[in-house]
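# Structural overview
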Amino acid sequence: MNNERTPIEKIKAYHSTKGYLSKSNQLLLQTMMGITEEDLKRLSGLDIETEFILTLYMLDICNEIIGFEEGIARLTKVACPDLYIELKDGKKLFIEIKENNINLTKTGLEKMNNFAKKFQAEFYVAVKQNGLWALYDYEYLHNRNPKKINWNDDYKNSLFNELFENITYFLPNNLLFECIYDKDLNLETASHYANCGCLEKLIIKYNDNVILETQNRDEAEFICFNLEAIITESSKLLHQEKNISESNKTIVQDKIYLKNYDGIYINLYNFLLEPVVHTLKSNKEKYDFTSFLQNQYARKDNIAKMRKNIISCLSLLQKVGYPIIKVKFNN
């Protein structure tokens, strides 16, 4: 019996190919390549790397983004970080990307920092904490004891927003999205929800007062698409579905409501990433971050247009009376 783990290069080959395939063909390729359930778990680290790269790309603050091949680096025993980027202001960074809270040895940090110095670049570690990206520089991590990064102690010292021009928005409680779907409007091009038909009407309330209402389907779809990050987070907090009697209509309500907090925080990059997983490929399946990067929809002009539309919709919410606040966590 062969107990050897699947080589990471083989898993990467599957990872880079699956974005072009339907779900059924992905399963077929897994079988052909001998990709196991354990291998699929190891893919999560690669997915996190892709998400981070896409995040930087969509924030549009880099002149260059270059990834490094781990297998080749191992041949020469080089402690090479995952990513090299050059910001638009000329600043050069090497970044090690981590999936979650991590233990970093002083020796490991020193080796990667020395590698970065060879290229006159600075070394940072990016880590996803509580669903948010954080970025820490070498000096902060090297001097920190213990080395395990955690949300409560460290996130306030993240340099992500500062270096990458990301905005964090605070959204107060009691914002309600009320979408009315109609099964009789089964249009191919319209927004659908479950088996409820097409989006017919959008009502947005704040503190139980209607602040925006539209029966224009194009306008309703435009707002929902660009504010999908809010709707998704709201649905995790308070989600209700009600059938309207004697009709084929359904009211779907999603509300920001937390008992112990005043609201939620959402980053600009969350707004940019959320529509990706709500966009359909030609085979009617949803994109993941890898397949989106491989598609023409990821062109810079499309990303710039989407960012402009998202900020426009956030401004619209503010204009109609919802007090969104831009916040900073750094001391």
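Notes on the structure follow. (Residues numbered from 1 in each chain as written. Predicted model: local features only at pLDDT ≥ 70, side-chain atom pairs only at ≥ 80, totals over all residues. Heavy atoms only, no water.)

## A word on the overall build of the chain
Regarding its fold elements, the chain presents 13 helices and 13 strands. For the chain, with 331 residues in total, the buried portion stands at 47%. Sequence-distant contacts in the chain: of pairs separated by 6 or more residues, those separated by 24 or more amount to 63%. Counting only carbon and sulfur atoms, one obtains 48% of the accessible surface of the chain, whose full area is about 18000 Å². (Helix = DSSP H or I, 4+ residues; strand = E, 2+ residues; numbered from the N terminus. Buried < 20%, exposed > 50% of the residue type's maximum accessible area, 1.4 Å probe, protein only. Contact = heavy atoms within 4.5 Å. Areas by Shrake-Rupley, 256 points an atom, 1.4 Å probe, with all protein chains shown as cover.)

## Concerning a nonpolar patch on the surface
Together, Leu237, Leu238 and Tyr257 make up a nonpolar patch on the protein surface, roughly 230 Å² of accessible area in all. Mapped onto the secondary structure, Leu238 falls in the loop between helix 10 (228-237) and strand 10 (239-243). (Patch = residues over 30% accessible without salt bridge, like charges linked within 9 Å, V, L, I, M, F, W, Y side chains within 5 Å. Salt bridge = Lys/Arg side-chain N within 4 Å of Asp/Glu carboxyl O.)

## A word on the side chain of Thr214
Among the structural elements, Thr214 can be located in strand 9 (residues 209-214). A polar contact of 3.1 Å, which involves the side chain of Thr214, links it to the backbone nitrogen of Asn216. Setting aside chain neighbours within four positions, we find Thr214 in contact with Lys201, Leu202, Glu219 and Ala220. (Polar contact = N/O pair within 3.5 Å; in protein donor to acceptor, adjacent residues only side chain to side chain.)

## A few points about the sheet that holds strand 13 (residues 325-327)
Taken together, three strands build an open sheet; the order of strands is 12-6-13 and the sheet is antiparallel. In this open sheet, the two edge strands, each paired with only one partner strand, are strand 12 (263-267) and strand 13. On average, adjacent strands in this sheet sit at an angle of 35° to one another, irrespective of strand direction. Summarising the sheet, strand 6 (residues 168-172) and strand 12 pair through five bridges and their orientation is antiparallel. Bridging across to strand 12, Pro172 finds its partner in Gly263. (Pairing = 2+ DSSP bridges. Axes fitted to C-alpha atoms, helices over the stretch in contact; angles between N-to-C directions.)

## As for the pairing of strand 4 (residues 122-129)
The buried fraction of strand 4 amounts to seven of the eight residues, a majority that puts the element mostly inside the structure. Note: strand 3 (residues 92-98) against strand 4, six bridges, orientation parallel. Along strand 4, the bridge assignment pairs Phe94 with Phe123. Both strand 4 and strand 5 (residues 132-137) contribute to a ladder of six bridges, which runs antiparallel. Its bridge partner being in strand 5, Gln129 is matched across the sheet by Leu132. Between strand 4 and strand 5, which follow one another and run antiparallel, lie two residues, and Asn130 among them has a positive phi close to 50°.

## Comments concerning the sheet that holds strand 9
The strand order across the open sheet formed by five strands is 9-8-7-11-10, and the pairing between neighbours is antiparallel. Taken across any chain shown, the strands that pair with only one partner, and hence form the sheet edges, are strand 9 and strand 10. Averaged over all pairs of adjacent strands, the angle between strand axes in this sheet comes to 20°, irrespective of strand direction. Both strand 8 (residues 198-206) and strand 9 contribute to a ladder of five bridges, which runs antiparallel. Residue pairing for strand 9: Ile203 is matched across the bridge by Glu213. In this fold helix 9 (residues 217-226) packs onto strand 7 (175-182), strand 8 and strand 9, with an angle of close to 60° to the strand it touches most, strand 8.

## Concerning the pattern of salt bridges
Under the definition given, this model contains eleven salt bridges. A salt bridge links Asp153 to Arg144; the shortest N-O distance between them is 3.8 Å. Taking the relative accessible area as the measure of exposure, Asp153 reaches 43% and is therefore partly exposed. When its relative accessible area of 12% is taken as the criterion, Arg144 is described as buried. Note that Lys201 is salt-bridged to Glu213, the shortest N-O span being 2.9 Å. Of this pair, Lys201 sits in strand 8 while Glu213 is found in strand 9, placing the two residues twelve residues apart along the sequence. By relative accessible area, which is 16% here, Lys201 ends up buried. For Glu213, a relative accessible area of 48% translates into the label partly exposed. The structure contains a network of salt bridges with shared partners spanning Asp60, Lys88 and Arg307.

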